[in-house]
Amino acid sequence: MAKSILITGSNGLIGSEVCLYFSRLGFQVHGLDNNQRAVFFGPAGDTRLNQQRLVDAIPGYQHHELDIRNRVGVLALVKEISPAVIVHTAAQPSHDRAAAIPFDDFDTNAVGTLNLLEACRQHSPESPFIHMSTNKVYGDAPNRIPMMELDTRWEYADEHREHGIPESFSIDQSLHSLFGASKAASDILVQEYGRYFGMPTCCLRGGCLTGPNHSGVELHGFLSYLVKCNLEGRHYSVYGYKGKQVRDNIHSEDVARFMHDFSLSPRCGEVYNLGGGKDNSCSIIEAFEMVEALTGRKQVYAYIAKNRIGDHICYYSDLRKMKAHYPRWDITRPLKQTFSEIVQAWHKRLPS
Ligand SMILES: NC(=O)c1ccc[n+]([C@@H]2O[C@H](COP(=O)([O-])OP(=O)(O)OC[C@H]3O[C@@H](n4cnc5c(N)ncnc54)[C@H](O)[C@@H]3O)[C@@H](O)[C@H]2O)c1
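Residues numbered from 1 in each chain as written. Predicted model: local features only at pLDDT ≥ 70, side-chain atom pairs only at ≥ 80, totals over all residues. Heavy atoms only, no water.

1. Some points on the pattern of salt bridges
Stage number 1. The tally for this structure, following the rule as stated, stands at 23 salt bridges.
Stage number 2. For Asp261, the salt bridge goes to Arg328, with nearest N and O atoms at 2.3 Å. Here Asp261 is found in helix α8 (residues 252–264), whereas its partner Arg328 is found in the loop between α10 (320–325) and α11 (335–349), with 67 residues between them in sequence.
Stage number 3. Look at Asp261 and you get buried, because its relative accessible area is 8%.
Stage number 4. Judged by its relative accessible area of 59%, Arg328 falls in the exposed class. (Salt bridge = Lys/Arg side-chain N within 4 Å of Asp/Glu carboxyl O. Helix = DSSP H or I, 4+ residues; strand = E, 2+ residues; numbered from the N terminus. Buried < 20%, exposed > 50% of the residue type's maximum accessible area, 1.4 Å probe, protein only.)

2. What about the pairing of strand β5 (residues 129–134)?
Stage number 1. Of all six residues in β5, six are buried; the element is thus mostly enclosed.
Stage number 2. Neither face of β5 is left uncovered, since the one carrying Phe129, His131 and Ser133 and the one carrying Ile130, Met132 and Thr134 both have all their residues buried.
Stage number 3. Here strand β4 (residues 85–88) pairs with β5 via three bridges, running parallel. By the bridge assignment, His88 is partnered in β5 with His131.
Stage number 4. After leaving β4, the chain enters helix α5 (residues 102–123) and then returns to the sheet as β5, a path that is right-handed.
Stage number 5. Here β5 runs beside strand β8 (residues 201–206); their pairing, made up of six bridges, is parallel. Among the inter-strand pairings, Thr134 is bridged to a residue of β8, identified as Gly206. (Pairing = 2+ DSSP bridges. Right-handed = clockwise from strand over helix to strand, strands pointing away.)

3. Observations regarding the sheet that holds strand β13 (residues 281–283)
The pairing of strands in a sheet comes from backbone hydrogen bonds and takes either a parallel or an antiparallel form.
Stage number 1. The three strands lie next to each other as β9-β11-β13, forming an open sheet whose pairing is mixed. A strand with exactly one partner marks an edge of an open sheet, and here the two such strands are β9 (208–210) and β13. For this sheet, the mean angle separating the axes of adjacent strands, direction not counted, is 40°.
Stage number 2. Two strands pair when backbone bridges link them, and β9 and strand β11 (residues 246–251) are joined in this way by three bridges, in the parallel orientation. (Axes fitted to C-alpha atoms, helices over the stretch in contact; angles between N-to-C directions.)

4. Here we look at the pairing of β8
Stage number 1. Burial within β8 is extensive, with six of its six residues counted as buried.
Stage number 2. What you see with β8 is no split at all: Thr201, Cys203 and Arg205 on one side and Cys202, Leu204 and Gly206 on the other are buried throughout.

5. So, empty space enclosed by the protein
Stage number 1. For the structure shown, the criterion picks out two cavities of 30 Å³ or more.
Stage number 2. Counted as a void, the second largest cavity has a volume near 40 Å³.
Stage number 3. Taken together, Tyr236, Ser237, Tyr239, Gln245, Arg247, Ile284, Arg308 and Asp311 make up the lining of the second largest cavity.
Stage number 4. By residue number, the principal contributor to the lining of the second largest cavity is strand β10 (residues 236–239), which donates three residues. (1 Å grid on protein atoms, 1.4 Å probe; cavity = no way out; pocket = protein on both sides within 12 Å on 5 of 7 lines; lining within 4 Å. Points joined across faces, edges and corners; volume = space filled by probe spheres on them.)

6. Quick word on the site of the ligand
Stage number 1. Asp33, Arg37, Asp67, Lys183 and Gly207 are the nearest of the 33 residues found near the ligand.
Stage number 2. Here an oxygen atom of the ligand and a backbone polar atom of Thr89 are 3.5 Å apart.
Stage number 3. Interatomic distance of 3.4 Å between a backbone N/O atom of Met132 and an oxygen atom of the ligand.
Stage number 4. Contact with the protein chains removes 97% of the 820 Å² of surface that the ligand exposes when unbound.
Stage number 5. When residues of the shell around the ligand are traced back to their parent elements, those giving at least two are α1 (13–24), α2 (36–41), β5, α6 (177–195) and β9.
Stage number 6. By residue class, the composition of the shell around the ligand is 13 nonpolar, 15 polar and five charged. (Near = heavy atom within 4 Å. Polar contact = N/O pair within 3.5 Å; in protein donor to acceptor, adjacent residues only side chain to side chain. Areas by Shrake-Rupley, 256 points an atom, 1.4 Å probe, with all protein chains shown as cover. Nonpolar A, V, L, I, M, F, W, Y, C, P; charged D, E, K, R; others polar.)

7. Overview of unusual backbone geometry
Stage number 1. Despite not being glycine, Gln173 shows a phi value in the positive range, around 50°.
Stage number 2. Residue placement: Gln173 occurs in the loop between β7 (154–156) and α6.
Stage number 3. Positive phi, close to 75°, is recorded for Ser177, a residue that is not glycine.
Stage number 4. You can see Ser177 is positioned in helix α6.

8. Description of helix α3 (residues 48–57)
Stage number 1. Within α3 the residues assigned to the buried category are Asn50, Gln51 and Leu54. Buried residues in α3, looked at end-on, bunch into an arc of 105°, giving them a common side. Structural note: α3 exposes Leu49 and Asp56 on the side pointing more than 90 degrees away from its buried face.
Stage number 2. Here the buried face of α3 lies against α1 and β3 (62–64). (Arc of directions from axis to C-beta. Contact = heavy atoms within 4.5 Å.)

9. A short note on the layout of surface pockets
Stage number 1. Of the volumes computed, that of the second largest pocket is approximately 280 Å³.
Stage number 2. Taken together, 15 residues form the lining of the second largest pocket, with Gly277, Lys278, Asp279, Leu319 and Lys323 sitting closest to its centre.
Stage number 3. Split into classes, the residues belonging to the lining of the second largest pocket amount to three nonpolar, five polar and seven charged.

Any functional reading would require information that these geometric values do not contain.
Here it is as structure tokens:
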């Protein structure tokens, strides 16, 4: 019988990619999503198209229309499926949106994660539990690193950060946003179920996760939204730091590949900074140049001097721990290719 996998947030960018990836490996795929993204972000955040894509593409795909805040429902579902692997990507994912919906944010990100962890402890404690965390658990502490200003980007002016931000970086005593706080709570819970109960859990502290299947909106989905603005000739708003703030971009398939490697040889309560690393980083104005080169359209944008609260000036992940623990894994999608896939995807989705 095929092994089963439960993927929460299956209609979303990462969840849908993970569903497809594990289905190709022969898993029986169970997706859990209630299209909450459309509630968080309005119609532009609707994920039903992605859900239909999974139904069409994956033989025997089972969709579970469930809210992870529904504790009784989550316990019953995990008991029924007893998944061999759990990938948890359902979340309120926006830094900026959280302040307007603090209860929904915390109930989803922190309490929803606890519901899943406890359900797994009761019904499938041996199964690897892979949690999508975020680099926002570090709050704005990365901004305290000395920086130098280059022509098109900020860069670390500290030789210790030559490879980027490691997992040992402090998550304490910095400004996180309510989103960063709710995600830090879930990150600690996932570590604790690994350390205290010995369960095979890990937190993947993502940088900018991206790919052709993101329903990018202004408040979440940096490259996807930027490309959409370019193709629609819409203003992109740049908030502060001269547009030179550097983001760390990783293709969703490289994320799924790492999850698979972890599931094959899991460890307890681990933490990894999962990003594209320095080679796949770009500033916003560098991203404009890359998209313009692909579409031939000049990016129109408005500059707002005030930066987003807690936004990182420069962040890219130190990938050395991931590569040391899982030497088979590496980045397979260079940034340029990822851009090109996103452009092609929006060409198909936007009315011509
Ligand atoms: N995309 C990024 O750049 C990025 C960066 C760092 C971390 N992450 C983390 O990765 C994970 C996935 O991000 P994504 O970009 O795929 O987000 P996404 O918004 O595309 O997907 C999340 C999915 O979860 C669903 N969901 C939300 N609340 C739910 C609930 N209460 N019950 C059931 N389903 C619910 C949404 O409908 C959506 O389909 C999140 O935990 C996010 O914090 C993402």
